[in-house]
Amino acid sequence: MGVPETEPLDVGRIRADFPILDREFGGSQLVYLDNAATTHTPEPVVETITDYYRGYNANVHRGIHHLSQEASIAYEEAHDRVAEFIGAVGREEIVFTKNTTEGVNLVAYAWGLNELGPGDEVVMTEMEHHASLVTWQQIAKKTGAEVKYIPIDEQGTLDMDAAAELITDDTAMVSVIHASNTLGTVNPVSEIADLAHDHDAYVFVDAAQSVPNRPVDVQELGADFLAFSGHKMCGPTGIGVLYGRESVLEEMEPYLYGGDMILKVTYEDATWNELPWKFEAGTPNICEGIALAAACDYLDEIGMERIQKHEERLAQYAYDELTAMDDVEVYGPPGDQRGGLVAFNLESVHAHDLSSIVNDYAVAIRAGDHCTQPLHDKLGVAASARASFYIYNTREEVDKLVAAVDEARQLFA
Ligand code: PMP
C-alpha cells in the first residue's frame, strides 16, 4: 500500500509465512539456496490446499452436485488468475500441465510432430535446459527437421548477430530460455521473437526461471507459447502452465486423448472440447491448480518488481563475494546483469564435495549439471555448484554460504 514497487522486501515478515525455514540441522538453522530447483510454500498457499481437501474436494466439470460445482468454479477461475498474472487474454490461453517439461512436450508432440518435416529448422540457444533441448532434438529426429543453436559468448550472453543469421525462412520454431538456470543470463526474448516472426516462425519461451521472479507479460515478450512450473513460484508440485496464443492453440491437434477433452464421441469419431479443456484430458490436478492461483496472489501482493530487485541484489552480492576469492570461477554475465542465481566452481574441489561440505553448515545448494549438460561441456566442466535466491533469502545467508565455501577451500588447500 503506497510502497514504491522497488522498495526492499520485508523479508522478516515473509519468512514468517515459511515455517520450514526454521528447521535446524546439526544445530545450524537451514539456509535454503536451492530455489531454482524448487521454492517453498507459504502458509496462505498451504491453507488453500487444506481448505480444498477439507471443504470442497470433488471432480471438476462432471457433477452437478454442490461440491463439484464449487471445485469446478475454483479450478476454472484459477486459469483466469494465471492468465492475468502473465498478461494472457484469458483462460482459453492457459493450459494446466504437470510442469514446464510437460508444457514443451505438449507443443512438440501436438504441434511439432504434425507440422515439422525435412527442410524445417528448430532454433534454440546453447543454454537451453534439457526440458526443451532434448524434447526438440528428439522431435526433430522423428520428423526429419534440423536443430540449430544460437551460440553464447565468453560472458554467457547470446550472440544476437548469429541469431539474426540462424533464424531464416526455414525456421519453423524458435525455442528460447528466458532466464538461464545455470548462467543467470536473462535473454532478450522480444528481440528474438521479432526475428522469428519476421520469418513466420513460432516462439516457445521456457519461462521456468522468469515467471517466479520478475514481471512477465506474454504479449510484451511476443511469445506464441510459454511454459513454467508452479513449484518454483511458491506453488505445489504437480502443476505447471502452458500459455499458448489462442489462434495457435485452436489450430493444434490435442496432445492427450480421453475424457473431458471431448465434445461429442461416437464409435467412429470424436470432436474436441473448447480451449483450454481440449488440452486437459482426464482428471486434472485440481487442488494444485487452485493453489497455483493462490501462489500468484501471494507473489503479486509482494510485487513482482520488488521480488526481481531483491533477487538481483542478492545475486550481485553473492557474485561479488565469490569472485573475490581467486580460486572461485563464477559462470555467466557480471553481477549487475544476471537473474537471481550464481553457478560456480571452487578450483580443485568437485562441486558435489563442495555442496556436501556446505551442507554440513546447513546451507542447501545444488551441485551437478543442472540439466544443461551440453552447456557444461562448452564451459569445460562436468558440474558446478549453484546458489539460487528467492523472496525469503537475506544477505546474512549469502555470508553463511561464502563462509562455508571458504571452509571448504581451507579443507582442500
Ligand atoms: N527449464 C528451466 C530453465 C528450469 O530451470 C527447469 C527446472 N530445473 C525446467 C525447465 C524444468 O522444470 P520442471 O522440472 O518443473 O518441468
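Residues numbered from 1 in each chain as written. Predicted model: local features only at pLDDT ≥ 70, side-chain atom pairs only at ≥ 80, totals over all residues. Heavy atoms only, no water.

Quick notes on the environment of glutamine 29
For glutamine 29, the position within the fold is in strand 2 (residues 28-29). A relative accessible area of 33% places glutamine 29 in the partly exposed class. Glutamine 29 sits 333 residues away from alanine 362 along the chain, and the two C-alpha atoms are 6.5 Å apart. Setting aside residues no more than four positions away along its own chain, glutamine 29 makes contact with Arg15, Leu21, Asp22, Arg23, Glu24 and Ala362. (Helix = DSSP H or I, 4+ residues; strand = E, 2+ residues; numbered from the N terminus. Buried < 20%, exposed > 50% of the residue type's maximum accessible area, 1.4 Å probe, protein only. Contact = heavy atoms within 4.5 Å.)

Digging into the nonpolar core
Residues Leu226, Leu299 and Ile391 are the most contacted members of the largest nonpolar core, which totals 77 residues. It is helix 10 (residues 286-302) that contributes the most residues to this core, twelve residues altogether. Structurally, this core is a two-domain feature, drawing no fewer than three residues from each of domain 1 (11-32 + 303-411) and domain 2 (46-301). In this structure leucine 299 touches Phe85, Pro212, Met233, Cys234, Met304, Ile307, Tyr390 and Ile391, once residues within four positions along its chain are discounted. (Core = buried A, V, L, I, M, F, W, Y, C linked by side-chain atoms within 4.5 Å. Domains from an automatic or database assignment.)

As for the domain arrangement of the protein chain
Along its sequence, the protein chain is carved into domain 1 (11-32 + 303-411) and domain 2 (46-301). Here domain 1 and domain 2 have C-alpha centroids that lie 28 Å from each other. Of the residues lining the interface, 32 residues belong to domain 1; the matching set on domain 2 comes to 29 residues. Both faces combined, the contact of domain 1 with domain 2 buries some 2400 Å², and carbon together with sulfur accounts for 58% of it. Sorting the residues of domain 1 by area buried against domain 2 places Met304, Leu375 and Tyr390 first, and these three jointly supply 25% of that buried surface. Here domain 1 is connected to domain 2 by two salt bridges. Notably, a salt bridge pairs glutamate 126 with lysine 378, separated by 2.9 Å at the nearest N-O pair. Linking domain 1 with domain 2 are 15 residue pairs in polar contact (both at pLDDT 80 or more), by the criterion used here. (Buried area = accessible area lost by both parts, 1.4 Å probe. Salt bridge = Lys/Arg side-chain N within 4 Å of Asp/Glu carboxyl O. Polar contact = N/O pair within 3.5 Å; in protein donor to acceptor, adjacent residues only side chain to side chain.)

Topic: the pairing of strand 9 (residues 225-229)
With five of its five residues buried, strand 9 lies for the most part within the structure. Residues Phe225, Ala227 and Ser229 of strand 9 are buried on one face, and the alternating residues Leu226 and Phe228, pointing to the opposite face, are buried as well. As judged from the five bridges shared by strand 9 and strand 10 (residues 240-244), these two strands associate in the antiparallel manner. In the strand pairing of strand 10, serine 229 is matched with glycine 240. (Pairing = 2+ DSSP bridges.)

Observations regarding the sheet that holds strand 9
One key point about sheets: their strands pair by backbone hydrogen bonds, in either a parallel or an antiparallel sense. A sheet is described by the order of its strands in space; here seven strands give the open sequence 4-10-9-8-7-5-6, paired in mixed fashion. Either end of the sheet is taken by a strand with one partner, and the two such strands are strand 4 (94-97) and strand 6 (146-150). Averaged over all neighbouring strand pairs, the angle between strand axes comes to 20°, with direction disregarded. Note: strand 5 (residues 121-125) against strand 6, five bridges, orientation parallel. Along strand 6, the bridge assignment pairs valine 122 with valine 147. (Axes fitted to C-alpha atoms, helices over the stretch in contact; angles between N-to-C directions.)

As for the site of the ligand
Looking at the ligand, there are 13 residues lining it, with Thr101, Asp206, Gln209, Ser229 and Lys232 nearest. Between the ligand and the protein, one listed contact pairs an oxygen atom with a backbone N or O atom of threonine 100 at 3.4 Å. A total of 400 Å² of accessible area belongs to the ligand in isolation, and the protein chains cover 87% of it. Class assignment of the residues belonging to the shell around the ligand gives a composition of three nonpolar, eight polar and two charged. (Near = heavy atom within 4 Å. Areas by Shrake-Rupley, 256 points an atom, 1.4 Å probe, with all protein chains shown as cover. Nonpolar A, V, L, I, M, F, W, Y, C, P; charged D, E, K, R; others polar.)

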